[in-house]
Amino acid sequence: MRTSLLLALAVTLPGAARAQAPATFTVRASAAPCLRIRPSPDTATEPIACVPPGTAVQAVGVAAYWRQVRLASGQTGWAAKKFLAAADSGAVEEPGDRDDAWLDVHIVDVGQGDAIWIHTFDDNIPGNGWYEGRNIVIDGGPDGTDSRNHFLRYLMAQAHEGAVIDAMIITHPHDDHYPGAAGILRHFDVREFYDSGYPKEGPKWAGFRSLVDAESAEGHPIVEHIGRAAFGTPDWGDELKVQFLYAYPGRPDGLGSGNTLENNASIVLRIEYGTQSILFMGDAEGKDRDDDPDTPRYAERMLLDSVGASALHSTVLKIAHHGSETSSTLPFIAAVDPEYVVVSSGRKPFSGRFLPDSSTLARYCSHNPAVRIYRTDQDDASEGRTVTSDADGDDIVVRTNGKITTVEAYSSGTRITQTACVP
């Protein structure tokens, strides 16, 4: 997707920029010599004012990485959130029941791979524990070079150099999941890092982990959570229930070998918001390719045994392993029972075939013909895309306010509507 189209997406998505009740903020010392105020939440625009540290401003609107502020002169513009500290009002306001508090989940088209950005609603009241405007990334796609990193380009179109990522989760260390996250580490400040604890060997992963170790945010070293026992419960806002349901258990027993084992080391995460929920499966598998789909194995078996079917039920499923036949056994599908299925895949051939497997998607359609399947390889085959051109803007945005869920899907940057369950 071209940068101009990304910028348009950033400002036209419902909830991307909202007016809020006014709140007072102070420009931080780290903004020295002054904080640039821009006419829109976009670093490509020329500043309209430059405000020195210690200045009080009134915030009247908010976007993912920005606040709209009103200066003492009455002039309004946009400033980077990270340079604004909330004034202590001495009171904590209750959030109330609001229908406009949207959680946004962007499944970005990076070709063959996974890259997800989660943005929680920001009520313009930092520190009250609700709607804190958190930014979380899950994986980073396959491209570690900035010029080819579509995930980095997508985020930067809505952010700025040095913006804060509250948490980075690398589900497992396969090359289509983590290399692009290196670009996020270089251009953003990341507060917390989650790693399944799988003992990956080799210089490429070691180099990436060195970048993680050297990271800091707002003067504090990154907090690293290695292995599920160290994950704890993330603080992404009291409106959310966040659960790490599974990660590498510390030993390979029952998880296969080689790539199968590494896939089954994936972090599995579930976010619940009101009556709505989203399950992120990484590449966690349920069977070998030639196995019958009736009998779960590997990570799916462990999930069904450890958390139970009812705890897996989710409104949205980010399907495992790019929709491979090795995922989505029938008992697992019945347990999750999703209304929406999202597939992150591209045009990389695997022994002459491409993911997702139609047989896998057919199991979801057979289970519930009303389910809607969205893919980041939308129309790639008919467009003649290859592994070098498949990251073409087939992005998917899942949005929920805790009561309803909507999905916005794109084909080469053009909005599309799914009207049937098509394997």
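How each quantity is defined
Residues numbered from 1 in each chain as written. Predicted model: local features only at pLDDT ≥ 70, side-chain atom pairs only at ≥ 80, totals over all residues. Heavy atoms only, no water. Pairing = 2+ DSSP bridges. Helix = DSSP H or I, 4+ residues; strand = E, 2+ residues; numbered from the N terminus. Axes fitted to C-alpha atoms, helices over the stretch in contact; angles between N-to-C directions. Contact = heavy atoms within 4.5 Å. Salt bridge = Lys/Arg side-chain N within 4 Å of Asp/Glu carboxyl O. Buried < 20%, exposed > 50% of the residue type's maximum accessible area, 1.4 Å probe, protein only. Arc of directions from axis to C-beta. Disulfide = S-S within 2.5 Å.

## Some details on the sheet that holds strand 19 (residues 316-318)
Ordered in space as 16-17-18-19-20-21, the six strands form an open sheet in which the pairing is mixed. Pairing within the sheet leaves two strands with one partner each, and these edge strands are strand 16 (240-246) and strand 21 (372-375). Within this sheet the neighbouring strands show an average axis-to-axis angle of 15°, counted without direction. Here strand 16 pairs with strand 17 (residues 268-273) via six bridges, running antiparallel. Across the sheet, the residue bridging to Gln-243 is Arg-270, located in strand 17.

## Describing the sheet that holds strand 24 (residues 414-416)
The strand order 15-12-11-10-9-8-22-23-24 describes an open sheet built from nine strands, whose pairing is mixed. The open sheet has two edge strands with one neighbour each: strand 15 (223-226) and strand 24. With direction set aside, neighbouring strand axes in the sheet form an average angle of 20°. The strands that helix 4 (residues 203-213) touches are strand 11 (164-170), strand 12 (189-195) and strand 15; relative to strand 12, the one it contacts most, it runs at about 135°.

## Comments concerning the pattern of salt bridges
Going through the model one piece at a time under the given rule, you end up with 27 salt bridges. Between Arg-191 and Glu-218 there is a salt bridge whose closest N-O contact spans 2.7 Å. In this pair, Arg-191 sits in strand 12 while Glu-218 sits in the loop between strand 13 (216-217) and strand 14 (220-221), placing the two residues 27 residues apart along the sequence. The class of Arg-191 is partly exposed, set by a relative accessible area of 30%. The exposure class of Glu-218 is partly exposed, given its relative accessible area of 36%. Residues Glu-224 and Arg-209 are paired through a salt bridge, measuring 3.0 Å at the closest nitrogen-oxygen approach. In this pair, Glu-224 sits in strand 15 while Arg-209 sits in helix 4, placing the two residues 15 residues apart along the sequence. The class of Glu-224 is partly exposed, set by a relative accessible area of 28%. Overall, Arg-209 belongs to the buried group, its relative accessible area being 15%. Connected through salt bridges with shared partners, the residues Arg-134, Asp-166, Arg-191 and Glu-218 form a single ionic network.

## Quick notes on helix 4
Turning to helix 4, its buried residues are Trp-205, Phe-208, Arg-209 and Val-212. Burial along helix 4 is one-sided: seen end-on, the buried residues are contained in an arc of 100°. Elements that come into contact with the buried residues of helix 4 comprise strand 11, helix 3 (181-187), strand 12 and strand 15.

## Structural notes on the state of the cysteines
One pass over the full model with this rule turns up two disulfides. Covalently, Cys-34 is tied to Cys-50 through a disulfide, its sulfur atoms 1.8 Å apart. Around the S-S axis, the bridge from Cys-34 to Cys-50 shows a dihedral of about 70° and counts as right-handed. Residue Cys-34 is located in the loop between strand 1 (17-27) and strand 2 (35-37), and its partner Cys-50 is located in strand 3 (residues 49-51); the two are separated by 16 residues in the primary sequence. At a sulfur-sulfur separation of 2.0 Å, the disulfide partner of Cys-365 is Cys-421. Measuring the twist about the S-S bond at about -85°, one finds the Cys-365-Cys-421 disulfide to be left-handed. Remark: Cys-421 occurs in the segment after strand 24 and Cys-365 occurs in helix 9 (residues 358-367); sequence separation between them is 56 residues.

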